[in-house]
Amino acid sequence: DHLTMAEGNMSMSDLLPLVAAALNDEAAVDAAKELATAREERDTSHKVEVLRAINDGDDKVYEDGETIVYGSALFEDGQYHSRNEDDWKIQLNKSRNICRLEDLRDCQICVGGGIAIASLDELSNESHGWVNGDETDHPDLDGDACSIKIEFCPQSTILTFFIRGWPEAEWKAVMEEEDAYAEHDIIPFLVENVAVQYPEAIVEFKSIKFSAKKIHGALKRLLPPKRKEQVRADREKRKIAREGRQEVVEFVESNMRERGIFDLFHWMAIVVLILGIQKRSEFFDRVIEALIAKCERSGMFTMEEANKIMSTMEEKQCSEDLGSDDEKSPK
């Protein structure tokens, strides 16, 4: 049977929405691809990376050589350092690529898609590094890892990485030995000594810390407005907290000097901060004076005794507050 003209026109009309939808879908897919590409290019230009460029074993640069990324993060995902608001710290995301310790010299810190700002090949005379062992602010350090810090000067850029596969007894012995390595020659020591002795040892790059003064322009240009406001507010909070703690420590110091027991100042300052006294107030000043009086009478005491003094002072303060309220209330 043949379709009538009306039926043919009707069939064509029915197809038009489908054709239009298909074309729209294709345009949407193309737009999504373009957006993803633009976002990827933008992210690449904002990335801080630790990478290794394969150069076939000599010093020539090969455009077709493979580039391996071991750790990366967006610059704007960093934070002002919790203990020093003058530092911008970027936690690196671990990649699936494994860096062998013997390849450490080939690694570089790069920005903007691959522009090297520091190299682990050779450190300048001003740059240096040290074995930190288990002393680190990274929570994922365990007994199987040793923390290493490298400071690149004059940029004041600090790279932290872990070495896994270097026995704990060995790196502890290195830390205890005064002349185990020269700080500006730590890379040759790790590659030519440790990696040779432990060829299965691997490196995990953890963080990069920049001096905020050195990257002030980047912070202004790369951080989105809301993010900029947030990090500025966080920085100011930490600054105020640090200034408050400094005032507490100075109050402890002056009181202990007056009583002639300054030799116990550092211990007492730690006790006070462990108790959570982060700023001065009339109540906290009385607590500190009570702790120092105890120290003058008995010397060093336990944190249990310190907490008991704090609790007694809090109970006394509550009683005084209640008594004050009773006096104010109408008879």
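Residues numbered from 1 in each chain as written. Predicted model: local features only at pLDDT ≥ 70, side-chain atom pairs only at ≥ 80, totals over all residues. Heavy atoms only, no water.

**Things to note about a negative patch on the surface**
Right, so step 1: The grouping of Glu236, Glu243, Glu247 and Glu250 at the surface amounts to a negative patch.
Right, so step 2: Mapped onto the elements of the fold, glutamate 247 is located in helix α5 (residues 225-259).
Right, so step 3: A relative accessible area of 44% means that glutamate 247 is categorised as partly exposed. (Patch = residues over 30% accessible without salt bridge, like charges linked within 9 Å, V, L, I, M, F, W, Y side chains within 5 Å. Areas by Shrake-Rupley, 256 points an atom, 1.4 Å probe, with all protein chains shown as cover. Salt bridge = Lys/Arg side-chain N within 4 Å of Asp/Glu carboxyl O. Lys, Arg positive; Asp, Glu negative; His and termini not counted. Charge placed at Lys NZ, Arg CZ, Asp CG, Glu CD. Helix = DSSP H or I, 4+ residues; strand = E, 2+ residues; numbered from the N terminus. Buried < 20%, exposed > 50% of the residue type's maximum accessible area, 1.4 Å probe, protein only.)

**Let's talk about the nonpolar core**
Right, so step 1: Among the nonpolar cores identified, the biggest contains 49 residues, and Leu104, Ile148, Phe161, Trp166, Leu190 and Phe205 are the most heavily contacted of them.
Right, so step 2: At seven residues, the largest contribution of residues to this core is made by helix α3 (residues 186-197).
Right, so step 3: Filtering out sequence-adjacent residues up to four positions away, leucine 190 remains in contact with Leu101, Leu104, Ile148, Phe161, Ile163, Trp166 and Ala195.
Right, so step 4: In this structure, Phe251, Leu291, Phe301 and Ile309 belong to the second largest nonpolar core, which totals 27 residues. (Core = buried A, V, L, I, M, F, W, Y, C linked by side-chain atoms within 4.5 Å. Contact = heavy atoms within 4.5 Å.)

**A look at the pairing of strand β11 (residues 157-164)**
Right, so step 1: The buried count for β11 comes to eight of eight residues, which makes it a mostly enclosed element.
Right, so step 2: Where burial is concerned, the two faces of β11 agree: the one with Thr157, Leu159, Phe161 and Ile163 and the one with Ile158, Thr160, Phe162 and Arg164 are both buried.
Right, so step 3: As judged from the eight bridges shared by strand β10 (residues 145-152) and β11, these two strands associate in the antiparallel manner. Within β11, the residue paired with isoleucine 148 across the bridge is phenylalanine 161. (Pairing = 2+ DSSP bridges.)

**Digging into the pattern of salt bridges**
Right, so step 1: Counting across every chain of the model gives 14 salt bridges.
Right, so step 2: In this structure, the salt-bridge partner of glutamate 204 is lysine 94, at a minimum N-O distance of 3.5 Å. Linking glutamate 204 in strand β12 (residues 202-211) with lysine 94 in strand β5 (residues 93-94), this pair joins segments that are 110 residues apart in sequence.
Right, so step 3: Between arginine 257 and glutamate 253 there is a salt bridge; the shortest N-O distance is 3.3 Å. In this pair, arginine 257 and glutamate 253 are both assigned in helix α5, four residues apart and thus about one turn of the helix distant.
Right, so step 4: Overall, the relative accessible area of 25% leaves glutamate 253 in the partly exposed class.
Right, so step 5: Several salt bridges converge on common partners, so that one network encompasses Arg52, Arg100, Glu102, Asp103 and Asp106.

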